[in-house]
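A closer look at the structure
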Amino acid sequence: MPRDTLTADRIVRAAIDLLDDEGLDGLNMRSLAQRLGSAATAVYWHIKNKDDLVRLAGDAVWSEAEVPDLDGADWRTAAAAHATAVYAMLNRHPWLVQAFGSHLLYGPAQARHNDFSLAVYEKAGFAAADADRAAAAALAFVLGSTLGSAARVSLNRRLNKSGEDAEELMAEAMSRATETARQFPHLRSRLDTTAATEYAGAPDQSFEFGLRALLDGFEARLAAGRADGVR
């Protein structure tokens, strides 16, 4: 990639790489300019400020998540595929989860996904207001499901930068957390099984289980509405 041609697209792609490596806290115009082989002042000719850069980078990664063909699938298959694609994208770019809580994020790629979500739940049979609620609930579930992995990435990065032994610190913390968990009966029973030896995060396939349960709930609500003669 030639270094003598600076464009907004080049800047955004470099920002995504920097965000993936360093997180939101590691993004600054000087570090970005170094990656681009340019002066920080030159970046400002294309991007107004860091907030605008995060917004553009955030929208760009939304383009990575596939939007299913709603005409070629039933609503539930499309909803599950869409949620899974967004979940995978957020796990590839954990900084975006953090950015949802600290930046105003919008753009055409994100809007396309939001529009698709509404179309899915309207196809399912929800009236407009309930389609809005269903789409919001699905997004909240996906975002919530990525918080743990995003937090671990951020924590490991911070520990590594501190110069301390990240693995040792994590092991000590997990040991203390396990001892705390053993004070509570349901947690203790899980820890006493052969499958669990420490107090860890969500078990395997939690996302898949939760997504099925969420969509089951939507189906049950639609069925109840049809039984009552209400759309």
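Once a new chain begins, its residue numbering starts again from 1 and follows that chain's sequence as written. Two thresholds apply to this predicted model, a pLDDT of at least 70 for residue-level local features and 80 or more for giving and counting side-chain atom pairs, whereas whole-chain, interface and lining totals are computed over all residues. Working from all heavy atoms in the structure, the side-chain values ignore hydrogens and water.

**Quick word on the nonpolar core**
- As used here, the term nonpolar core means buried Ala, Val, Leu, Ile, Met, Phe, Trp, Tyr and Cys residues forming a set that is joined through side-chain atoms within 4.5 Å. Each residue is placed in one exposure class: buried if its accessible area under a 1.4 Å probe, protein chains only, is under 20% of its type's maximum, exposed if it is over 50%, and partly exposed if it falls in between. Membership of the largest hydrophobic core comes to 57 residues, with the highest contact counts inside it found for Leu32, Leu53, Trp75, Leu96 and Tyr121.
- Strands are runs of DSSP state E lasting at least two residues, helices are runs of H or I lasting at least four, and both sets are numbered from the N terminus onward. Elements with a contribution of two residues or more to this core: helix H1 (8–22), helix H2 (29–36), helix H4 (50–62), helix H5 (75–92), helix H6 (95–100), helix H7 (108–124), helix H8 (128–161) and helix H11 (206–227).
- Per-element accounting of this core gives the leading share, 8 residues, to H5.
- Pairs of residues are marked as contacts when any of their non-hydrogen atoms sit within 4.5 Å. Excluding its chain neighbours within four sequence positions, the residues that come into contact with Leu53 are Ile11, Val12, Ala15, Leu27, Met29, Leu32 and Ile47.

**A word on the pattern of salt bridges**
- Counted as salt bridges are all cases of a side-chain nitrogen of Lys or Arg within 4 Å of a carboxyl oxygen of Asp or Glu. All told, the structure shown has 7 salt bridges when counted by the stated rule.
- Across the pair Arg55 and Asp52 runs a salt bridge, and its minimum N-O distance is 2.6 Å. Remark: Asp52 and Arg55 occur in helix H4; sequence separation between them is 3 residues, near one turn of the helix. Each member of the pair, Arg55 as well as Asp52, carries the same accessibility label: buried.
- Through salt bridges with shared partners, one network takes in Arg76, Asp216 and Glu219.

**Things to note about the side chain of Arg157**
- If you trace the backbone, Arg157 turns up in helix H8.
- For this count, His and the chain ends are skipped, Lys and Arg are scored as positive, and Asp and Glu as negative. Glu22 is the oppositely charged side chain nearest to the buried, salt-bridge-free Arg157, at an N-O distance of 5.0 Å.
- Setting aside residues no more than four positions away along its own chain, Arg157 makes contact with Leu19, Asp20, Asp21, Glu22 and Gly23.

**Details of the environment of His46**
- When you line up the elements, His46 lands in the loop between helix H3 (40–43) and H4.
- Owing to a relative accessible area of 37%, His46 belongs among the partly exposed residues under this scheme.
- With 58 residues separating them along the chain, His46 and Leu104 place their C-alpha atoms 19 Å apart.
- Setting aside residues up to four positions removed in sequence, His46 forms contacts with Leu6, Thr7, Ala8 and Ile11.

**A look at the packing of aromatic side chains**
- Note on aromatic pairs: the rings of Phe, Tyr and Trp (six-membered ring only in Trp) are paired at centre separations within 6.5 Å, and the planes decide the class, stacked below 30 degrees, edge-to-face beyond 60, tilted for the rest. Inspection of the entire model under this criterion finds 6 aromatic pairs.
- Residues Tyr87 and Phe207 carry aromatic rings whose centres are separated by 3.8 Å and whose planes lie at 10 degrees to one another, so their mutual orientation is stacked. With Tyr87 in helix H5 and Phe207 in helix H11, this pair connects stretches of sequence that are 120 residues apart.
- The interplanar angle of 85 degrees and the centroid separation of 5.9 Å between the aromatic rings of Phe126 and Phe218 together place this pair among those described as edge-to-face.

**Some thoughts on the packing of H1 against H4**
- Angles shown run from 0 to 180 degrees and are taken between the N-to-C directions of axes, each axis being a line fitted to C-alpha atoms and, for helices, limited to the stretch in contact. One can describe the packing of H1 onto H4 by two numbers: an axis separation of 9 Å at closest approach and a directional angle of 85 degrees. One finds that H1 runs roughly perpendicular with respect to H4. Within the contact between the two elements, H1 uses Ile11, Val12, Arg13, Ala15, Ile16 and Leu19 and H4 uses Leu53, Leu56, Ala57, Ala60 and Val61. To sort the angles, those under 35 degrees are grouped as roughly parallel, those over 145 as roughly antiparallel, those from 65 to 115 as roughly perpendicular, and the leftovers as oblique.

**Some details on H11**
- Working rule for helices: expected span equals 1.5 Å times residues minus one. Look at H11: 31 Å from first C-alpha to last across 22 residues, which is about the 32 Å you get at 1.5 Å a residue.
- Of all the positions in H11, only Phe207, Gly210, Leu211, Leu214, Leu215, Phe218, Leu222 and Gly225 are classed as buried. Buried residues in H11, looked at end-on, bunch into an arc of 130 degrees, giving them a common side. Across H11 from its buried face, at more than 90 degrees, point the exposed residues Phe209 and Ala227. Along the arc lie the directions from the helix axis toward the C-beta atoms.

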